[in-house]
Amino acid sequence: MKDEVKNIKTLEELQNLYTSVFGKNGTMTAKLKTMATLSNEERAVVNAENTELRQLFKEKQTELETATLNAKLATEYIDVSLDCEPENRGTIHPLTQAMKEISAILESFGYSLWTGPEIEDDWHNFTALNTPEYHPARDMQDSFFLENGNVLRTQTSSIQIRAMEKNGVPIKMFGIGSTYRKEMDATHAPMFHQIEGLYIDKNVTLSDLIGTLRALLSKFFERDIEIRIRPSYFPFTEPSVEFDMKWENGKWLEMGGAGMVHPNVLKNCNIDPNEYQGFAFGFGWDRMAMLKYGLNDLRKFYDGDIRWLKNSGF
Ligand code: DAH
């Protein structure tokens, strides 16, 4: 029997032999059944044989399993130096990247993020912003109107109205998102992106506004940015200004509009202009993204050309 076990070549044969010895009708099983009739010495012999045989089977099993594994390892060789399929990773769109950066900066200044709908009603997009229906300033923006009188938000200024209506004052908020106007060339698209900041409290001044704009742009472009303001006109601010920043080539670039929030706007949001005052600013940040990342055609942002997106450094 011992030799039989030793000569076995496969796990399957071993299993069969094991069953014939230790199975229900196995030879050893039969022997063990007769134990009660045996003398002490005979029992000791059977017990020893039983233990030895089981041990033998176990060793043989380990031996055969190791051999099988080694054979497998020898044939199923994996070449870890082979090239694998290129991984197709997504990239962050430059506009998304810019939005995240600007938002993080304003949040660090204590402004909280508000959102508003892109299909806006007349009240929030125009009327509450001191631009009633007869107001000539409505012509400043080539709006997309819907048949029901709503409008595709022409400016994120609508978000400041929503925030003041809901939150009251004091308030320090910003809104960021898509805006729509009928225009299209290398620097204008019918959908573009604006950011709107608003800070209303009892002692907020125009110089706070200038400091904020300068700090915001300096943080975004990661260097000290010089800005200047020029008198301008917006229905929702008084006084109104436009602000420019000095670019690397020494040229002044127009960035956006700002001013002290008009008393009528505050009244429209049930805020007493004799007690509260503050500033608002708004600008498009598509161009900021272009400047920061060195991209020169706004339309490329929306072409959906993956090669361009991949090559734009993201
Ligand atoms: N909404 C203006 C625009 O789209 C930009 C603007 C100007 C926003 C002055 C403001 C502001 O908050 O105070 O042209």
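Residues numbered from 1 in each chain as written. Predicted model: local features only at pLDDT ≥ 70, side-chain atom pairs only at ≥ 80, totals over all residues. Heavy atoms only, no water.

## Describing helix 7 (residues 157–167)
Three or more residues of helix 7 are buried, namely Ser157, Ser158, Ile159, Gln160, Ile161, Ala163 and Met164. Two residues or fewer after helix 7 comes Gly168, characterised by a positive phi angle close to 70°. (Buried < 20%, exposed > 50% of the residue type's maximum accessible area, 1.4 Å probe, protein only. Helix = DSSP H or I, 4+ residues; strand = E, 2+ residues; numbered from the N terminus.)

## A word on the domain arrangement of the chain
The domain boundaries assigned to the chain delineate domain 1 (2–75) and domain 2 (94–310). On a C-alpha basis, the centroid separation for the pair domain 1 and domain 2 is 85 Å. (Domains from an automatic or database assignment.)

## Some words on the site of the ligand
Surrounding the ligand, one finds 16 residues, the nearest of these being Gln155, Ser157, Arg181, Gln194 and Glu196. Within the side chain of Gln160, one N or O atom sits 3.4 Å away from an oxygen atom of the ligand. Secondary-structure elements contributing two or more residues to the shell around the ligand are helix 7, strand 5 (191–201), strand 8 (252–261) and strand 9 (277–284). In the shell around the ligand, the residues fall into five nonpolar, nine polar and two charged. (Near = heavy atom within 4 Å. Polar contact = N/O pair within 3.5 Å; in protein donor to acceptor, adjacent residues only side chain to side chain. Nonpolar A, V, L, I, M, F, W, Y, C, P; charged D, E, K, R; others polar.)

## Details of the pairing of strand 6 (residues 227–232)
Inspection of the sheet shows strand 6 paired to strand 7 (residues 237–246) by six bridges, in the antiparallel sense. Each bridged residue has a counterpart across the sheet, and for Arg230 the counterpart in strand 7 is Glu242. Between the antiparallel neighbours strand 6 and strand 7 lie four residues. (Pairing = 2+ DSSP bridges.)

## As for unusual backbone geometry
Between Val169 and Pro170 the backbone carries a cis peptide bond, its omega angle lying at -5°. As for its position among the elements, Pro170 is in the loop between helix 7 and strand 4 (171–180). A cis amide bond links Glu238 with the next residue in sequence, Pro239, at an omega value of -5°. Along the chain, Pro239 falls in strand 7. With a phi close to 60°, Asn130 is a non-glycine residue in the positive phi region. Position of Asn130 among the secondary structure elements: in the loop between helix 6 (122–125) and strand 3 (151–152). One non-glycine residue, Glu222, lies in positive phi territory at about 60°.

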